[in-house]
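Examining the three-dimensional arrangement
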Amino acid sequence: MLDARPRPTRFAGTLLGLATLVLTTLAPVAQAEEWPRGHYPLPDQGSLIGEPYTVTASQEETLLDIAREHAVGYEEIRQANPDVSLWLPGEGTEVVIPAQHLLPDAPRDGIVINIAELRLYYYPEVGEGETPRVETYPIGIGREGFDTPLGTTRTTMKLEDPAWYPPASVREEAAARGEEAPAVVPPGPDNPLGRHAILLEIPGYLIHGTNRPDGIGMRASRGCIRMFPEDVEALFRSVPVDTPVHLIDQPFKAAWQDDTLYAQSFATPEVEEQALSHRLEALATLETLKAEAEVTIDYAQLSEALDAAPGRIVSLTPNA
């Protein structure tokens, strides 16, 4: 530690000046490191946030344990680590955390939910002098036959420790099994809504927690948006009622960042069924972005983004 007592030498003054410069330079970095997981400063230009990193698995951890600790969903962690065992990665195994994202092509206002990405983005209002930021969380969405709706809606109410009233579809499924669904499930460990729920203006749809967190990052709900309990609690405390919510389905994202064109693609069931249509839409998006700068596009990398590396961000600018 530097001695704070004044010394009558130019060398000491130089050291003190250098120390001040270093501390001033590191201050924003330290501030960023103190932010909660999944919180990023909004880029002044472009859409790229975060960066991937690796962690080392312990003997007891599953891949899902690691995913939850780092705010990553099931599909994200599986696709980023295709050769790692889901249930027993093994002590010392390096696990990639895909913590880099391209912001969706949607208003940076309120909540944006990209169904294709299985991820929610929240752009909170900030006070004077605060750094504009975005918070992003993995989500679970509706399974086949219970598709999460698209469009723009708003938050209408926030409920802590909500009761769950099984809808008609749940009662019908229970009856088909020869069982009787309860009229109401009170707050507690059996409640599928978890401890926090944010109601949307679309009747019957909520953003809520879950008592089955392993399903986050999957298409497993009846249309509602599920979140890890700790994530929905953070959102619950932060998001005001009457916040706009944009529900979009964007399986291909591309954007300029520092003279480099980046792309990210997601292997959704719809994309797999309509692969040619997906490629044509991706090409149309890139042609629009290409017109913004006189550069060539690496279409081999585009093919990788569409096929070989779902969810991973790749550069489409040669020699970038």
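Residues numbered from 1 in each chain as written. Predicted model: local features only at pLDDT ≥ 70, side-chain atom pairs only at ≥ 80, totals over all residues. Heavy atoms only, no water.

Okay, the sheet that holds strand β18 (residues 314-315) next. Reading across the sheet, the three strands line up as β16-β17-β18 and stay open at both edges, with antiparallel pairing between neighbours. The sheet is open, and its two edges are formed by β16 (252-257) and β18, each paired on a single side. Pairing between β16 and strand β17 (residues 260-265): six bridges, direction antiparallel. Across the sheet, the residue bridging to Q257 is T260, located in β17. (Pairing = 2+ DSSP bridges. Helix = DSSP H or I, 4+ residues; strand = E, 2+ residues; numbered from the N terminus.)

What follows concerns the pattern of salt bridges. Enumeration according to the criterion identifies 12 salt bridges in this entry. Across the pair D161 and R195 runs a salt bridge, and its minimum N-O distance is 2.7 Å. In this pair, D161 is assigned in the loop between β10 (151-160) and α4 (168-176) and R195 in the loop between α4 and β11 (196-200), connecting sequence segments 34 residues apart. For D161, a relative accessible area of 34% translates into the label partly exposed. (Salt bridge = Lys/Arg side-chain N within 4 Å of Asp/Glu carboxyl O. Buried < 20%, exposed > 50% of the residue type's maximum accessible area, 1.4 Å probe, protein only.)

Okay, unusual backbone geometry next. Even without being a glycine, L118 presents a positive backbone phi close to 55°. With respect to the element layout, L118 can be found in the loop between β6 (110-114) and β7 (119-123). Although it is not a glycine, D161 sits at a positive phi angle of roughly 50°.

For the structure on display, the rule yields zero aromatic pairs. Here the guanidinium or amino end of K158 rests over the ring plane of F236, the centre of that ring lying 5.2 Å away. (Phe/Tyr/Trp six-rings, centres within 6.5 Å; stacked < 30°, edge-to-face > 60°. Lys NZ or Arg CZ within 6 Å of the ring centre and 35° of its normal.)

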